[in-house]
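A structural walkthrough
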2 protein chains.
Amino acid sequence: MRISTRGEYGVRAMFDLALHHGQGPISLKTIAERQIVSEHYLEQLMASLRKAGLVTSKRGAQGGYELAYPPAEIRIGDIIRVLEGPITPLDCLDVSTGTGPYCGHPEQCVLRGLWKSLQDSMEQVLDNTTLEDLRQDALRLKVAEDI
Amino acid sequence: MRISTRGEYGVRAMFDLALHHGQGPISLKTIAERQIVSEHYLEQLMASLRKAGLVTSKRGAQGGYELAYPPAEIRIGDIIRVLEGPITPLDCLDVSTGTGPYCGHPEQCVLRGLWKSLQDSMEQVLDNTTLEDLRQDALRLKVAEDI
DNA sequence: TCAATTCCGAGTAAGTTCGTAGGAATTGAC
DNA sequence: GTCAATTCCTACGAACTTACTCGGAATTGA
């Protein structure tokens, strides 16, 4: 029931970009130093986020990454889905794979309801929180300038 | 964000035991056949559940496993915790490990709130569903006798 | 021109998952 | 007392995932 470092670091990087949104491209090196993660590893995560259209990049000197949309329009669930895959406790619930909704035996429908409830509650949290929400939290903690 | 087969099969096995609660010990072989999982693999899961006190076992001919408590007193969260470990999206949230609550940098407290909300919502679902709830669902589906 | 930076593909060590294998110990039924 | 059924225990292992590292090509602003 854990998210991996892909999701964790990815959300941290996107949160960092949200805090500095509007200040031009931020380099990987800067993000990696501020969030204390491996630069090369983060590079791979940013590549995924870029291909998914959540960030834009600029190469060369003074290049870096920026959010592709305002922080209020990027949900944490969007980030997690890109980096961790569908938000679901069980593969058979994932409509995108076509393996569900029936897993072969009718009695499993009872358990399916359970797992579906779990999935719904996870998505509810992750899709109702945006980067802007996190930014507001940070401002409220009055530590934004230190980050 | 997935549970592994340990949790999935374990819940299925416990659900099976709940449906047949009060009928004496149920053998691994029977559960494995009904739930279509590997008998040897399930054996390992049942060993964990036994050590955790959720089931009792009886060796020898006509032996098998039984729920240690009535279905209404066993929460799905209890089963998942035994088989998958603490229910938490991030290790640093797990109070039992002592690594939390501070992960070294204050700005992470903002993200901590997010992950904590996620954890709470997952535990809310898993700890508010008991085996009796699932049994009632099954009875309502009128398929209990087929299982 | 050059330093900074993204982009890209490959490799890899350690850990986790999902089992399998084999046999010892226990028990009820006959 | 024997035997079949069953739990109990330890060990092994193959495949997959995770969390990176490495090296270098391409791009860009100063």
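Remember, predicted model here, so these are calculated numbers, not experimental data.

**What about the interface of chain A and chain B?**
Contacts between the two partners involve 38 residues from chain A and, on the opposite side, 38 residues from chain B. In total, about 3,700 Å² of surface goes out of reach between chain A and chain B, with carbon and sulfur atoms giving 73% of it. Where chain A packs against chain B, one counts ten residue pairs in polar contact (both at pLDDT 80 or more). Broken down by secondary-structure element, the contributors of at least two residues to the side of chain A that touches chain B are helix 1 (5-19), helix 2 (28-35), helix 4 (76-84), helix 5 (108-127) and helix 6 (131-140) of chain A. In terms of residue count, the dominant contributor to the side of chain A that touches chain B is helix 5 of chain A (eleven residues). Of the residues contributing to the side of chain A that touches chain B, the split by class is 22 nonpolar, eight polar and eight charged.

**Observations regarding the protein's contact with DNA strand C**
Neighbouring residues of DNA strand C: 26 residues in total, closest Leu28(A), Glu43(A), Ser57(A), Ser38(B) and Gln44(B). Atoms of DNA strand C within 4 Å of the protein belong to the sugar or the phosphate in 64% of instances, the rest to bases. Here a base nitrogen of DNA strand C and a backbone polar atom of Ala61(A) are 3.4 Å apart. Side-chain polar atom of Ser38(B) to a phosphate oxygen of DNA strand C: 2.7 Å apart, as the coordinates give it. Classifying every residue of the surface near DNA strand C by side-chain character gives six nonpolar, 13 polar and seven charged.

**Points about the packing of helix 1 of chain A against helix 4 of chain A**
Residue and element names in this part refer to chain A. With their axes 9 Å apart at the nearest point, helix 1 and helix 4 run at an angle of 135° to one another. Relative to helix 4, the element helix 1 lies oblique. When you trace helix 1 past helix 4, the crossing you get is right-handed. Judged by residue contacts, Arg6, Gly7, Gly10, Val11 and Met14 of helix 1 engage Ile76, Ile79, Ile80, Leu83 and Glu84 from helix 4. Its residues placed into classes, the contact of helix 1 with helix 4 shows six nonpolar, two polar and two charged.

**Side note on unusual backbone geometry**
Positive phi is not limited to glycine here, since Gln62(A) has a value of about 65°. Mapped onto the elements, Gln62(A) comes out in the loop between strand 1 (55-58) and strand 2 (64-67).

**Things to note about the pairing of strand 2 (residues 64-67) of chain B**
Residues and elements named next belong to chain B. By the bridge criterion, four bridges tie strand 1 (residues 55-58) to strand 2 in an arrangement that is antiparallel. Paired with Lys58 across the strands is Gly64, a residue of strand 2. In sequence, strand 1 turns back onto strand 2 through a hairpin of five residues, with Gly60 there showing a positive phi of about 80°.

**Notes on the protein's contact with DNA strand D**
Looking at DNA strand D, there are 25 residues lining it, with Thr5(A), Ser38(A), Gln44(A), Glu43(B) and Ser57(B) nearest. In this structure, a phosphate oxygen belonging to DNA strand D sits 2.6 Å away from a side-chain N or O atom of Ser38(A). In the model, a base nitrogen of DNA strand D is placed 3.2 Å from a nitrogen or oxygen of the Arg59(A) side chain. The set of elements that each furnish at least two residues to the surface near DNA strand D consists of helix 1 and helix 3 (39-51) of chain A together with helix 3 (39-51), strand 1 and strand 2 of chain B. Classifying every residue of the surface near DNA strand D by side-chain character gives six nonpolar, 13 polar and six charged.

Cut-off values and rules
- Along each chain, residue indices are assigned from 1 in the same order as the chain's sequence is written.
- Each chain is given a letter, starting from A, and each ligand a number, starting from 1, according to the order in which they appear as written.
- Per-residue local features are limited, in this predicted model, to residues with pLDDT of at least 70; the limit for side-chain atom pairs, both in listing and counting, is 80 or more; totals at the level of whole chains, interfaces and linings are taken over all residues.
- Hydrogens are left out, water is left out, and the side-chain values use all remaining heavy atoms of the structure.
- Note on definitions: a residue-residue contact is assigned when non-hydrogen atoms from the two residues lie within 4.5 Å.
- Values labelled buried area give the accessible surface lost by two parts on being combined, using a 1.4 Å probe and summing over both.
- Polar contacts here mean pairs of N or O atoms no more than 3.5 Å apart (in protein, one a potential hydrogen donor and the other a potential acceptor; neighbouring residues in sequence count only if both atoms are side-chain atoms).
- In DSSP terms, a helix is any run of H or I states spanning at least four residues, a strand is any run of E spanning at least two, and both are numbered starting from the N terminus.
- Gly counts as polar in this scheme, as do all residues outside two lists: the nonpolar Ala, Val, Leu, Ile, Met, Phe, Trp, Tyr, Cys and Pro, and the charged Asp, Glu, Lys and Arg.
- Consider each residue's heavy atoms; a residue with any of them within 4 Å of a molecule or strand counts as near.
- For helices, the fitted axis covers only the stretch in contact; all axes are lines through C-alpha atoms, and the angles between them, taken along N-to-C directions, range from 0 to 180 degrees.
- The labels follow the angle: roughly parallel below 35 degrees, roughly antiparallel above 145, roughly perpendicular from 65 to 115, and oblique for the rest.
- Definitions for this section: a left-handed crossing has its near helix turned counterclockwise from the far helix by less than a right angle. A right-handed crossing has that turn clockwise.
- Here the rule is simple: two strands pair whenever DSSP picks up at least two bridges between them.

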